[in-house]
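This is what each chain is made of:
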Amino acid sequence: MSIEKTYKQINEKIKAGKAVVLTAEEVIGRVMEKGLSQTAKEVDVVTTGTFGPMCSSGAFLNFGHTTPRMKMGKVWLNDVPAYAGIAAVDAYIGATELKETDPRNNNHPGDFSYGGGHVIEDLVAGRPVKLRAESYGTDCYPRREAEADLRLEDINEAILFNPRNCYQNYNCAVNTGDKTIYTYMGTLKARLGNGHYSTSGQLSPLLKDPYFRTIGIGTRIFLGGGIGYVAWYGTQHFPGFISYEDGQGKTGAGGTLSLIGDLKQMDAKWLTGASFQGYGSTLNVGVGIPIPILNEEILAYAAKPDKDLYAPIVDYSSSYPNNEAGRLGLVSYADLKTGLIKVNGKEVPVAPLSSYSRAKEIAHILKDWILKGDFLLTEPVDLLPGPDQGLKGKALKTKDQE
Amino acid sequence: MSPEKIVLRFSSENSDKPIIYHLAKDYDLIINIVKATINPHKEGTMVLELTGEKYNEGIEFLRQQGIKVDSLCQEIIRNEDKCTHCGACTVHCPTDALHMKRPEMEIVFNRAECIICQVCVGICPVKAMEVRI
């Protein structure tokens, strides 16, 4: 009879200081040593982690009212526009937003040295940020202009809300073209000069729960150094599988999460602005998600090692920009981590864009929080759509293609 | 006259040309090759000390050949507080001065190997690589 545990039982053990918690890296060795059944009995929680660029990130801010009051229809933070088409003195600063004066790619490849992601980092680091606001006047909101230097502690609420984070799996990007290209997957040299990938592999949250059996709405997580929650499925959440070895093995792919948390609790070590040459600016986000080991099957997925997790190799010189299907092969995360893979018979040096060492640090921090009894697991209010629902992305038909 | 220290960057189109021969023969320059590397994609980097009366003409010749010439009066430092150890720089560094330490997956910066090509400065997403003059 295989073991079945409940969230309640695991939380009782956490409160009593008796829970056994391993990181997604540590559990691999434990399963190899003791087998699935024994490990499922012994281990209560597996902690995952990831730290990398996640463009679909941003924060809702409420600045507090001016005297006299103002609607704030247009808002800039350190000259980066924030979306203010919501209630008075609320705004959303998105990670990829740029100053109107940013030269972008006019001097190709552009630097994109400061964007919304950097504004968020500055706020979290406690640095002052210059607010500028404009509005039309109304009887209730007569003021039309305002400027202020504000710090995160000075404003009412700051809610990190990231509509699409934690991509379950991601392409290993390469370039088969004749010139260097500048992409959100980094700088890719011509003729398969290099490749970039961006997943923490065996530590990555959604690779370790491919059926979405435990990660759901309301799951309490590590977010940006503070506590956050899974709010919903992310945009473009189309979970499925990549098959390899003639369908003998499969790796989850296509799932995403929408995450929420209190920015004021977070730490700039785990939310850093980032710039990709020739592409744009973004935010590096640190996320750690606990997986409760409710049974052997959940453990079996949580304990998958890099050698059993695969990423697709995709050509960013043609098939990606032209939105064409097709890939140049599959590669395991174990092979990616060696730094050298084979594509079209050619040896290609590869490097990650997400930090494995930071991902590991997050998994350990989350483990410590749980061991200390500070962090209890939450049973999802509802589960997210899983791979069996067959969700597929829709392409946008433009007028010129009708 | 004290020698000028410079960095040459070759593309795959010009890395097979006998550049040093021409510098010596046609421009009568005294050349000390401090460091030279060529990567599998035939992109090369070379650090030279050059002396001679036709120094400026020699530099002009190099530029005409499509070789990027920079003076070596700077150094590159890594801002340890900023580096997130992602790895983006490692496949772009021509000398492996920046490389991934395995299995820790941490980035090591070996300044002795750095030829100040500055590629990492543009590549690093968090601007952890800084130029010091």
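Residues numbered from 1 in each chain as written. Chains lettered and ligands numbered in written order. Predicted model: local features only at pLDDT ≥ 70, side-chain atom pairs only at ≥ 80, totals over all residues. Heavy atoms only, no water.

J.: I keep staring at the overall build of chain B and nothing clicks. Help me out?
T.: Within chain B one finds three helices and eight strands. Traced from its N-terminal end to its C-terminal end, chain B shows the element sequence β-α-β-β-α-β-β-β-β-α-β. The principal-axis extent of the C-alpha atoms belonging to chain B is close to 50 × 30 × 20 Å. Looking at chain B residue by residue over its 133 residues, the buried ones come to 46%. Of the contacts made within chain B by residues no fewer than 6 positions apart, 65% connect residues no fewer than 24 positions apart. As displayed, chain B offers around 7000 Å² of accessible surface, 49% of which is attributable to carbon and sulfur atoms. Here chain B contributes 16 positive and 19 negative side-chain charges, whose respective centroids are spaced 3 Å apart. (Helix = DSSP H or I, 4+ residues; strand = E, 2+ residues; numbered from the N terminus. Buried < 20%, exposed > 50% of the residue type's maximum accessible area, 1.4 Å probe, protein only. Contact = heavy atoms within 4.5 Å. Areas by Shrake-Rupley, 256 points an atom, 1.4 Å probe, with all protein chains shown as cover. Lys, Arg positive; Asp, Glu negative; His and termini not counted. Charge placed at Lys NZ, Arg CZ, Asp CG, Glu CD.)

J.: What is the right way to read the domain arrangement of chain A from this model?
T.: When the parts come together, some accessible area is lost, and that loss is often what is quoted as the size of the interface. All names here are of chain A. According to the domain assignment, chain A contains domain 1 (7–54 + 165–387) and domain 2 (58–160). Centre-to-centre separation of domain 1 and domain 2, based on C-alpha positions: 31 Å. Listed per partner, the contact involves 24 residues of domain 1 and 27 residues of domain 2. For the pairing of domain 1 and domain 2, the buried interface totals around 1800 Å² over both sides, and the portion due to carbon and sulfur atoms is 65%. Taken as a group, Leu-263, Lys-264 and Ser-281 account for 34% of the area that domain 1 buries against domain 2, more than any other trio of residues on that side. Counting the contacts that link domain 1 with domain 2 gives zero salt bridges. For the interface between domain 1 and domain 2, the tally reads nine residue pairs in polar contact (both at pLDDT 80 or more). When residues of the side of domain 1 that touches domain 2 are traced back to their parent elements, those giving at least two are strand E20 (257–262), strand E21 (271–276) and strand E22 (280–288). Here the side of domain 1 that touches domain 2 gets six residues from one element, more than from any other, and that element is E21. When the residues that make up the side of domain 1 that touches domain 2 are grouped by side-chain class, the tally is twelve nonpolar, nine polar and three charged. (Domains from an automatic or database assignment. Buried area = accessible area lost by both parts, 1.4 Å probe. Salt bridge = Lys/Arg side-chain N within 4 Å of Asp/Glu carboxyl O. Polar contact = N/O pair within 3.5 Å; in protein donor to acceptor, adjacent residues only side chain to side chain. Nonpolar A, V, L, I, M, F, W, Y, C, P; charged D, E, K, R; others polar.)

J.: What should I look at first to understand the interface of chain A and chain B in this one?
T.: At the junction of the two partners, chain A supplies 33 residues and chain B supplies 25 residues. Together, the buried faces of chain A and chain B total about 2000 Å²; carbon and sulfur atoms form 54% of this surface. In this structure, the connection of chain A to chain B is made through one salt bridge. A:Lys189 is the partner of B:Glu43 in a salt bridge, and the nearest nitrogen-oxygen pair spans 3.8 Å. At the boundary of chain A with chain B, the tally comes to nine residue pairs in polar contact (both at pLDDT 80 or more). For the side of chain A that touches chain B, the secondary structure elements donating two or more residues are strand E14 (195–197), E21, helix H5 (333–338), strand E27 (346–352) and helix H6 (356–371) of chain A. A per-class count over the side of chain A that touches chain B returns eleven nonpolar, 16 polar and six charged.

J.: Help me out: how do you make sense of H6(A) in this one?
T.: Structurally, the α-helix is built with 3.6 residues per turn, so residues lying three or four positions apart point the same way. Helix length check: H6(A) (16 residues) gives 22 Å between terminal C-alpha atoms against 22 Å at 1.5 Å per residue, within 8%. Considered for burial, the residues of H6(A) that qualify are A:Tyr356, A:Ser357, A:Arg358, A:Ala359, A:Ile362, A:Ala363, A:Leu366, A:Lys367, A:Trp369 and A:Ile370. (Expected span 1.5 Å × (residues − 1).)

J.: When you look at the side chain of A:Ser204 in this model, what are you seeing that I'm missing?
T.: All names here are of chain A. Relative to the helices and strands, Ser-204 is located in the loop between E14 and strand E15 (216–217). Judged by relative accessible area, Ser-204 falls into the buried class, the value being 3%. If sequence neighbours within four positions are ignored, Ser-204 has contacts with Thr-48, Gly-49, Tyr-167, Gln-168 and Thr-199.

J.: Help me understand the nonpolar core in this model?
T.: As a rule of thumb, soluble globular proteins bury nonpolar side chains together. Residue and element names in this part refer to chain A. Counting 84 residues, the largest nonpolar core has Ile-293, Tyr-316, Leu-336 and Ile-341 as the members making the most contacts within it. Beyond its immediate sequence surroundings of up to four residues, Ile-293 is in contact with Lys-5, Ile-10, Ala-40, Val-43, Asp-44, Val-45, Val-46, Ile-298, Leu-299 and Ala-302. Counting 48 residues, the second-largest nonpolar core is a separate cluster that includes Ala-95, Leu-152, Leu-206 and Leu-283. (Core = buried A, V, L, I, M, F, W, Y, C linked by side-chain atoms within 4.5 Å.)

J.: What is the right way to read the state of the cysteines from this model?
T.: Note on terminology: a disulfide is the covalent bond linking the sulfur atoms of two cysteines. Evaluated as defined, the whole model comprises zero disulfides over all chains. Among the cysteines around B:Cys117, which has no disulfide bond, B:Cys120 carries the closest sulfur, lying 6.2 Å off. (Disulfide = S-S within 2.5 Å.)

J.: Mind showing me how you'd approach the side chain of A:Asn62 here?
T.: As for its position among the elements, A:Asn62 is in strand E4 (residues 58–62). A distance of 2.9 Å separates polar atoms of two side chains, one belonging to A:Asn62 and the other to A:Asn156.

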